[in-house]
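Structural overview for review
Each chain is listed here by its residues.
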Amino acid sequence: MEESKFHELLKQFYADADREVDQIDDLSRPHQEIDLSRRWRFARQKKGRVGLGSFERDGSLGSEVEPRFKTATNVACDDSSWERINLPHTWNANDTEDIGPGYWRGIGWYRKRFHITAKYRTKAVRLRIGAANQHSIIWLNGKKVGEHKGGYESFELDLTSKLVWGQKPNVLVIRVDNLYDPDVAPTVKTDIQWYGGLYRDVKLTITDRPYFTKTHFICKGLEEDKPAIELDIKLGGKVAAQVQAKLLDASGVVVGECKGKIKKGTARINGPAISQPRLWSPEDPYLYTLALKLLVGKRVCDERAIPVGFRWYKFDADKGFSLNGVSRKLQGVNWHQVYPGLGNA
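Let me sum up the structure you'll find in this document. All of these numbers come straight from a predicted model, not from anything done at the bench. (Residues numbered from 1 in each chain as written. Predicted model: local features only at pLDDT ≥ 70, side-chain atom pairs only at ≥ 80, totals over all residues. Heavy atoms only, no water.)

**Digging into the nonpolar core**
Counting 31 residues, the largest nonpolar core has Trp40, Tyr110, Ile129, Ile138, Ile174 and Leu198 as its most contacted members. Listed in part, the 24 residues of the second largest apolar core include Leu235, Ala267, Leu290 and Phe310. (Core = buried A, V, L, I, M, F, W, Y, C linked by side-chain atoms within 4.5 Å. Buried < 20%, exposed > 50% of the residue type's maximum accessible area, 1.4 Å probe, protein only.)

This is the structure in structure tokens:
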């Protein structure tokens, strides 16, 4: 290749990179989420299963990486002919609704370039994938980061050690397949479609260390008008830290607060005290906000704001279902997360 042409291609490669991350310069915020859902490249393999659709029980068909995609994880892979897409995305947006038998099940490839400023070099940078159906393998800059099985939950991976900083672009590659897997539910023969793809948003989460990996809210005693809140906390790392928690009403007024210590990265602590909270119901869907701060000494490392609705329910063999002590009739609807022309994306 001529040197001038090589430099032109290299220039285009850098110009194509998404600079969204570079535009975020507010390092004073301990927790930042950056949307990476725009400007992806996508290509689907040719071989896959179609005819049996959800009744397919041979996951080996279409599972081999085709020659064209042998270099798909390489930084220098030429993806210029790949389809340009934004997330959320599924390759089954139409073939699950047409008159043909079955739908396509196989492997799809996603590639994304982005810059990240060197100011974040001391931070923890994690990739959060809202959902990918159903087996995902992730690479960053040609190095495998991790994989995930299951199409109905979000997951996070730490990218920090594999990032490049400054003007050089990072290349993120995600391989997704919706092939049959006997270890991934649901495994029964059913009319549920396994929509393949990155069908939820993808984000970068940037924090200090340590950071929250689990912030569960538990409330007991509402039925007896004696609410007792517990916080189930887990950190990224077996470290000691402190949690500050404030419960705010819908107008932003603090109605309860507490502090708790975390040892070895995990703890269950008593949450903010509250008496006679305003209960959530379909007629009055009132929400509080639980604001959490994670501190090491005086340094705020991470923070979360969690919407909270207080309600209690009961199932009785004779009286049926009740919410907040009021009898309710439940009407079941078989309504999937699917829309015409969009699939589950």
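Picking up where we left off.
**Some details on the sheet that holds strand β3 (residues 83-85)**
Across the sheet, six strands lie side by side as β3-β2-β4-β9-β6-β7; this open sheet has antiparallel pairing. Since the sheet does not close on itself, it has two edges, and those belong to β3 and β7 (143-149), each with one partner. Each neighbouring strand pair of the sheet contributes to a mean axis angle of 25 degrees, computed without reference to strand direction. As defined by bridge partners, strand β2 (residues 40-44) adjoins β3 across three bridges and the pair is classed as antiparallel. Residue pairing in the sheet places Phe42 in a bridge with Glu83 of β3. (Pairing = 2+ DSSP bridges. Helix = DSSP H or I, 4+ residues; strand = E, 2+ residues; numbered from the N terminus. Axes fitted to C-alpha atoms, helices over the stretch in contact; angles between N-to-C directions.)

**Considerations on the packing of aromatic side chains**
To describe a pair of aromatic rings, one takes the distance between the centres and the angle between the planes. Counted under the stated rule, the structure contains 13 aromatic pairs. Judged by centre distance (5.1 Å) and plane angle (75 degrees), the rings of Tyr286 and Tyr288 are edge-to-face. The pair formed by Tyr286 and Tyr288 is uniform in burial state, with each residue classed as buried. Three or more aromatic residues joined by ring pairs form one cluster here, namely Trp40, Phe42, Trp91, Trp104 and Tyr110. Looking at Arg126, its charged tip hangs above the ring of Tyr211, at a distance of 3.8 Å from the centre. (Phe/Tyr/Trp six-rings, centres within 6.5 Å; stacked < 30°, edge-to-face > 60°. Lys NZ or Arg CZ within 6 Å of the ring centre and 35° of its normal.)

**What to know about the pairing of β7**
Two elements, strand β6 (residues 135-140) and β7, share six bridges in a ladder whose sense is antiparallel. Across the sheet, residue Trp139 finds its bridge partner in β7, namely Lys144. Where β6 folds back onto β7 in an antiparallel hairpin, the turn is made up of two residues, including Asn141, whose phi is positive at roughly 55 degrees.

**A word on a nonpolar patch on the surface**
Together, Val333, Trp335, Tyr339 and Leu342 line one region of the surface with nonpolar side chains, adding up to about 530 Å² of accessible area. In this structure, Val333 sits in the segment after β20 (326-328). Val333 sits in the exposed class, given a relative accessible area of 66%. (Patch = residues over 30% accessible without salt bridge, like charges linked within 9 Å, V, L, I, M, F, W, Y side chains within 5 Å. Areas by Shrake-Rupley, 256 points an atom, 1.4 Å probe, with all protein chains shown as cover. Salt bridge = Lys/Arg side-chain N within 4 Å of Asp/Glu carboxyl O.)

These figures come from the coordinates and say nothing about function on their own.
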